[in-house]
Amino acid sequence: MSIFKKEFSTFSIVLMAVAIALNIAVGTLILGLKVPLYLDSIGTVLVGVLVGPWAGAVTGFLANIIWVFFGNPVYAPFAGVAAIIGVLAAVFAHIGWFKIWWRAAVAGIIVGFVAAIISAPIAAYVFGGTLGAGTDAIVALFRGAGLDALGANMAQGITSDPIDKMITFFVVWAVLQALPQRFKARASGE
Amino acid sequence: MRGNLLYLDKESGLHKLHPLTKLAFTLFLLVCAAALADLIWLLAAFVFLLVPLAWWGRVISPVLRSGLAVITPFVISLSLIQGFFTGGETELFSVGSFVFTLEGWLAGLTVAARILVALSGALLLTLSTRPDALMHALTQRGLPNGLAYIVLSSIQIFPRFQDRAQLILQAQQARGLETQTHFVRRLGLLVPLTGPLILSSIVDVEERAMALEARAFSRAGRKTSLLVLRDSLGQRLVRLALLTVGLGLVAMRVWYLLQ
Amino acid sequence: MISLRNFSYRYPSQERFALQELNLEIKAGQFCGVVGANGAGKSTLCYALSGFAPHFFRGEVQGQGLIGKLDIAKSSLGELAGEVGLVFQNAFNQISGARFTVRGEIAFGLENLGIARRQIQARVDDVLDALNLTDLASRSPYELSGGQQQRVAIASILAMRPKVLVLDEPVSQLDPHGTEEIFKIIEMISQSGETTVVLVEHKLEWLAAYADRVLVLDQGRVVMDGPARSVLASADMMKLGIGRTQYSQVAEIARKQGLVSDAGLLPVTLKQARALFR
């Protein structure tokens, strides 16, 4: 079975859609928890780990693009970064780093740094360096524009804070412990 | 909080166009945003391309409102940052040892204009095009069905997932989440709260996949469609023209940058 | 229509066969109820009849199963989807999400089957009308109540004109109003005689009223199979952990108290109960 077929079975496709919805829902939960995190790529990382790099990439990419339909095109330029996060999650899973909690956390930090490094020039080019003023500024201005307040509050794809990714990867590790083996086997295409 | 699709259903010429034509307009505007060199050209694109299209689509009000509202803070911060820190010759004023130059200011405004054109171009598309129509048009041109499905279904199911998240939050708030709990303890709640949310969604995956299979989703063979999109020779020509001019603009910009 | 011969099925992660040596013939147009205690294999039977076992869940099949001319083990899920429709409990999960209106949602399966557009329109209109969904045709399926969503799910499957309709506890998550809506629809479907209906259901009174025949599953085997009344009135139902209709319960008490002298089958419907007490 080609990788494509394997990573894009009906089951994986549904998982990807659910993962994107999870990105948003978990983001909402975190907001309510009032901790300085975004955790908006949990779904992307989960798919990367459970299914594979292509699926992880597509999940991250589409998760950012979808916001355009809701009037938040600001995340779209970072779709590529989100895709890379998905791919890297798959890579780290493949080399076994999701088996031990602290390795998963370290993987998260690494991915966070990579994402930040790639995001910076994109932000600089697209937004002329103003992103340095902090993502809160972006949030405030989209809110002020009357665009969907929900999306405005979640700087999805913009923050590549290594700490945020570290915690994301850790949470995914924790979830993996609780997932039934049957499900994991299904997702990876056995 | 719910995400609301930006799409506004209006009786307009723009709305009636084939989704790919509208996509072509947007992509062309994005190319303009990236490839046009001067502020004056960017403003011209906004005034002579975007505004008439938006007016035709009866969405001029949301586009202007959102577009200009978003751009104002950018204008301010970009003006300040680039005005002071991008070198230039013509000094306008100075603060201490920081010199605010005209060239710098114009550079800042140019970036703001790029954002304006790109942003409004995207808004134009989403205000006038239903996601399912757009996905259908793309599927006809070769986008895999699976990808279209992912886009459309995630758009529709995430509000329900958010409701679940809200319920979980409310239950936690009833236990004094905000008032009593210490920051570190809130962090500790992270896994116990997100865990169940994620795990319950996982069960959904299997059932949803079964439902899709029950609708012959994985059947090999040609699929037909209830939805019919109207296209025309005129629109095809317009798309071709936009593609050509767009490529031309990109070529010009690249050539200019290579100088 | 449905023919199982020594049919057994085992889920991949289990050693024990969830369905064991089932021998079953269900004629076209019959309405067959399925009851059993939890874990008896009712859902697995539904999955087997619709091809999800083995094609979706993987696992092992022994024996032979035929739906019409299609061999369950040898046909693909896509092929079987056109012949057998499966409806399950959770209405929300059965809304594909691929379409933005009820009409579009119902048409989705037909589009996948490659049916011509004119026919799709005709079938969708038919089914909207039959299930009283015409008013909701342009609404988003996600704005509907649970009962309405389940109606849309059934409509979406019916539009595909399956020869067999399998329903796995379709009303257990619905309120009484929703439940009634769905039962009315199932009744209508079975009365048309065109579709073979297999319904897993706990509401014995309902099965008693509408099913021609009832199968009782216990630990993966068919332990009883016969006309609705004789099966549902049987004393073994209590032993098998299934229970009885309220009419049977009342009649049995009446018998023990000597109020009724009839020693035949216990009543399972209101009509039969009335006849007994006259």
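Above this text sits the structure in question.
Notes on the structure in this doc start here. (Residues numbered from 1 in each chain as written. Chains lettered and ligands numbered in written order. Predicted model: local features only at pLDDT ≥ 70, side-chain atom pairs only at ≥ 80, totals over all residues. Heavy atoms only, no water.)

Residues and elements named next belong to chain C. Examined bridge by bridge, strand 1 (residues 2-10) and strand 2 (residues 19-26) share five bridges and lie antiparallel to one another. Looking across to strand 2, one finds that Leu4 is bridged to Leu24. One ladder, built from seven bridges, connects strand 1 with strand 4 (residues 60-67); its direction is antiparallel. By the bridge assignment for strand 4, Leu4 is matched with Gly65. (Pairing = 2+ DSSP bridges. Helix = DSSP H or I, 4+ residues; strand = E, 2+ residues; numbered from the N terminus.)

Moving on: the packing of helix 3 (residues 42-50) of chain A against helix 9 (residues 162-178) of chain A. All names here are of chain A. The N-to-C vectors of helix 3 and helix 9 enclose an angle of 55°; their axes lie 10 Å apart at closest approach. Between helix 3 and helix 9, the angle falls in the class oblique. For the element pair helix 3 and helix 9, the recorded crossing hand is right-handed. Residue-level inspection shows Ile42, Val45, Leu46, Val49 and Leu50 of helix 3 in contact with helix 9, the latter providing Thr168, Phe169, Val171, Val172, Val175 and Leu176. Of the residues contributing to the contact of helix 3 with helix 9, the split by class is ten nonpolar, one polar and no charged. (Axes fitted to C-alpha atoms, helices over the stretch in contact; angles between N-to-C directions. Parallel < 35°, antiparallel > 145°, perpendicular 65-115°, else oblique. Left-handed = near helix turned anticlockwise from the far one by under 90°. Contact = heavy atoms within 4.5 Å. Nonpolar A, V, L, I, M, F, W, Y, C, P; charged D, E, K, R; others polar.)

Two residues of an α-helix separated by three or four positions point the same way, owing to the 3.6 residues in each turn. Taking 1.5 Å of rise per residue, the 17 residues of helix 9 of chain A would be expected to cover 24 Å, and the 25 Å separating its terminal C-alpha atoms lies within 8% of that figure. In terms of burial, helix 9 of chain A is largely enclosed, as twelve of its 17 residues are buried. Within the sequence span of helix 9 of chain A, burial applies to Pro162, Asp164, Lys165, Ile167, Thr168, Phe169, Val171, Val172, Trp173, Ala174, Val175 and Leu176 of chain A. Of the surrounding secondary structure, the elements contacted by the buried residues of helix 9 of chain A are helix 3, helix 5 (79-94), helix 6 (101-127) and helix 10 (181-187) of chain A together with helix 10 (190-214) of chain B. (Expected span 1.5 Å × (residues − 1). Buried < 20%, exposed > 50% of the residue type's maximum accessible area, 1.4 Å probe, protein only.)

All names here are of chain C. Evaluated as defined, the whole model comprises 22 salt bridges over all chains. Measuring nitrogen to oxygen at the nearest pair gives 2.8 Å for the salt bridge that ties Arg103 to Asp125. Of the two residues, Arg103 sits in helix 5 (residues 102-112) while Asp125 sits in helix 6 (residues 117-130), which places them 22 residues apart along the sequence. For Arg103, a relative accessible area of 31% gives the class partly exposed. Here Arg161 makes a salt bridge to Asp126, at a shortest N to O gap of 3.7 Å. Of this pair, Arg161 sits in the loop between helix 7 (146-158) and strand 7 (164-168) while Asp126 sits in helix 6; the two residues are 35 residues apart in sequence, bridging distant segments of the chain. (Salt bridge = Lys/Arg side-chain N within 4 Å of Asp/Glu carboxyl O.)

The next subject is a nonpolar patch on the surface. Residue and element names in this part refer to chain B. A cluster of nonpolar residues, Ile76, Leu80, Ile81, Phe85, Leu92, Phe93, Val95, Phe98, Trp105 and Leu106, forms a patch on the protein surface that exposes about 930 Å² of accessible area. Per-element tally for the nonpolar patch: the top contributor is helix 4 (residues 60-85), with four residues. A relative accessible area of 44% means that Phe98 is categorised as partly exposed. (Patch = residues over 30% accessible without salt bridge, like charges linked within 9 Å, V, L, I, M, F, W, Y side chains within 5 Å. Areas by Shrake-Rupley, 256 points an atom, 1.4 Å probe, with all protein chains shown as cover.)

To continue, consider the interface of chain B and chain A. On the chain A side, the residues contacting the 64 residues of chain B number 58 residues. Carbon and sulfur atoms supply 84% of the area that chain B and chain A bury against each other, a total of about 5,400 Å² over both sides. Residue Arg182 of chain A is joined to Glu206 of chain B by a salt bridge in which the shortest nitrogen-to-oxygen separation is 3.1 Å. Inspection of the region where chain B meets chain A yields three residue pairs in polar contact (both at pLDDT 80 or more). (Buried area = accessible area lost by both parts, 1.4 Å probe. Polar contact = N/O pair within 3.5 Å; in protein donor to acceptor, adjacent residues only side chain to side chain.)

A few words now on helix 6 of chain A. End to end, helix 6 of chain A covers 36 Å across 27 residues, agreeing with the expected 39 Å (1.5 Å per residue, within 8%). Most pronounced at Ser119 of chain A, the bend in helix 6 of chain A amounts to some 25°, and the proline Pro121 of chain A follows within four residues. Among the residues of helix 6 of chain A, Ala104, Ala105, Ala107, Gly108, Val111, Gly112, Ala115, Ser119, Ala123 and Phe127 of chain A are the ones counted as buried. Where helix 6 of chain A is buried, its residues contact helix 5 and helix 9 of chain A together with helix 4 and helix 5 (102-128) of chain B. (Bend = angle between axes of the 7 residues up to and from the residue.)

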